[in-house]
Each structure stands twice: as structure tokens, then as C-alpha cells.
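Residue-level listing of the chains:
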Amino acid sequence: MSYDPYSQPYSQQGQPAGGMPYPAPQPRRKRRGLKRLIFGILGIIANAIGLFVLPFIAVLGGAVVGLMGMTPAPLSPDGGTFETSAASIYYIAAPADEASSTTCEFDGQNLDIDHEDSALSVGEIDGVEYESVYMVISLQNQQVTVHCEGATTLAVAEVGVVGMLISTGVGVIIPIVLGLLALILTIWGIIALVRSS
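These numbers were taken from a predicted model, which means no experiment stands behind them.

**Student:** How would you sum up the overall build of the chain? Please name residues and give values.
**Tutor:** Each helix and strand counted, the chain has 2 helices and 9 strands in total. Sequence-ordered secondary structure for the chain, helices as α and strands as β, is α-β-β-β-β-β-β-β-β-β-α. For the chain, buried positions account for 31% of its 197 residues. Residue pairs at least 24 apart in sequence account for 82% of intrachain contacts in the chain once pairs closer than 6 positions are excluded.

Right, dumping it as C-alpha cells:
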């Protein structure tokens, strides 16, 4: 009969008769940081998308609010003068039924003038609806004189661009801040995951 060195007599309690008890199995270590890592990565992806989408939505919202707040002021078609600011956009408008036949010339310095192909309603004066004919951007504060033909009356409406710039800034800053928080959460999750493995 051959001798088996690994065979040991066992006691009735299931332990080696003359030896130490078997060590109890160690509980499996819980891996920490996995949820933080997942949410951090999802946050980075969501903010990368938001960085492109949110500024566009903010600019659009600011423009809509600005256009809704327009109040047209009467302007003489023959040599009407209005004050401009570099922080605003101005619409020169004519009565809706005369807008398509109205042409204007402007006297001023550093003006960016764009003829409006698609008329925009700027509001009413004395029950008459006015539609935009020209969009005027002045690069400095000044007086601008306008001479128009084809319109019996004119109106000027101002849209402030400061609100749009602020809303654009907010639309950019929010995704950046949230993206940094998501990045911190991701790094924190990675560190916790490595330490618990």
C-alpha cells in the first residue's frame, strides 16, 4: 500500500486530526467607485453635446426675447435722424403695404447696413403695422440720418445685443462648469476603483 503524503486523518469536526483548522474564505472585496465612474463618463458625454447645443438655444432665446421687446418709434422718411449705440441693432421699418417698395440711404460713419429680404414685423404705431426694410448696425455711438423713398412714414426699432451676449455666455459657461464636475467625478471614480481592486 502506497503512502499518500496529502492524506491526513480527519476528526469528526471536519478538521485535520492534529493540525490547524482551514482558514475561512475571505469575503470578496466590494469594488468602489464604479458608479461614480459611469456617471462621470455619461456627464462628460452629455456636456460635450450641451456645449454645442446650449449656446445656440441661449442665443435663439435671447433673440426672441429681444425681438418681442421691440418698440418702434416714428421716423421721418425725408431726413429722419436717430441715435445709435454700438451695443444695439436697429431696424428701419415701413408700413407693411409699402415695405417692399421702400429704398433708403443712410448718412453715418462705420455703418453695417443690410437690406431685409424677409420682412420682420417690428410692431404697430397708431394701428399701422410696420415691417423691417433695413437692419443697421453702428460700430460707434452716433447720429444716423436716413432718407427714404416709397414710404409715407417710417419707424425705427432697437434691439439690444447685450442680453443676447449674456445669454450666450451663460449658455457656454453652464456646460463647461458641469463638464468639469463630471470630469472630477470620473477621476474620483477611477481612483476609488483602483484602490478597491
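**Student:** Tell me about the pairing of strand β9 (residues 154-160), and please be specific about residues and values.
**Tutor:** Along β9, 5 of the 7 residues are buried, which leaves the element largely enclosed by surrounding structure. Summarising the sheet, strand β1 (residues 73-75) and β9 pair through 3 bridges and their orientation is antiparallel. Its bridge partner lying in β9, Pro74 is registered against Ala155.

**Student:** Could you give an account of the sheet that holds strand β4 (residues 103-107), naming the residues involved and the relevant values?
**Tutor:** Two pairing modes exist for strands in a sheet, parallel and antiparallel, and in both the strands are linked by backbone hydrogen bonds. Spatially, 3 strands are ordered β2-β8-β4 in an open sheet, and the strand pairing comes out antiparallel. This sheet does not close on itself; its edge strands, each paired only once, are β2 (78-84) and β4. Taking the axes of each pair of neighbouring strands and ignoring which way they run, one obtains an average angle of 30 degrees across the sheet. Bridging between β2 and strand β8 (residues 142-149) involves 6 bridges; their strand directions are antiparallel. Bridging from a neighbouring strand, Asp78 pairs with His147 of β8.

**Student:** Any chance you could break down the nonpolar core for me, citing the residues and the numbers?
**Tutor:** By size, the foremost hydrophobic cluster in this structure holds 17 residues, and its most contacted members are Leu75, Phe82, Ile92, Phe106, Val146 and Leu154. Contributing elements (two or more residues each) for this core: β3 (88-95), β4, β7 (128-138), β8 and β9. Ignoring sequence-local partners within four residues, the contact set of Phe106 consists of Ile92, Leu111, Ile113, Tyr134, Val136, Val144, Thr145 and Val146. Ranked by size, the runner-up nonpolar core spans 11 residues in total, among them Met70, Tyr130, Ala157 and Val159.

Calculation notes
Residues numbered from 1 in each chain as written. Predicted model: local features only at pLDDT ≥ 70, side-chain atom pairs only at ≥ 80, totals over all residues. Heavy atoms only, no water. Helix = DSSP H or I, 4+ residues; strand = E, 2+ residues; numbered from the N terminus. Buried < 20%, exposed > 50% of the residue type's maximum accessible area, 1.4 Å probe, protein only. Contact = heavy atoms within 4.5 Å. Pairing = 2+ DSSP bridges. Axes fitted to C-alpha atoms, helices over the stretch in contact; angles between N-to-C directions. Core = buried A, V, L, I, M, F, W, Y, C linked by side-chain atoms within 4.5 Å.

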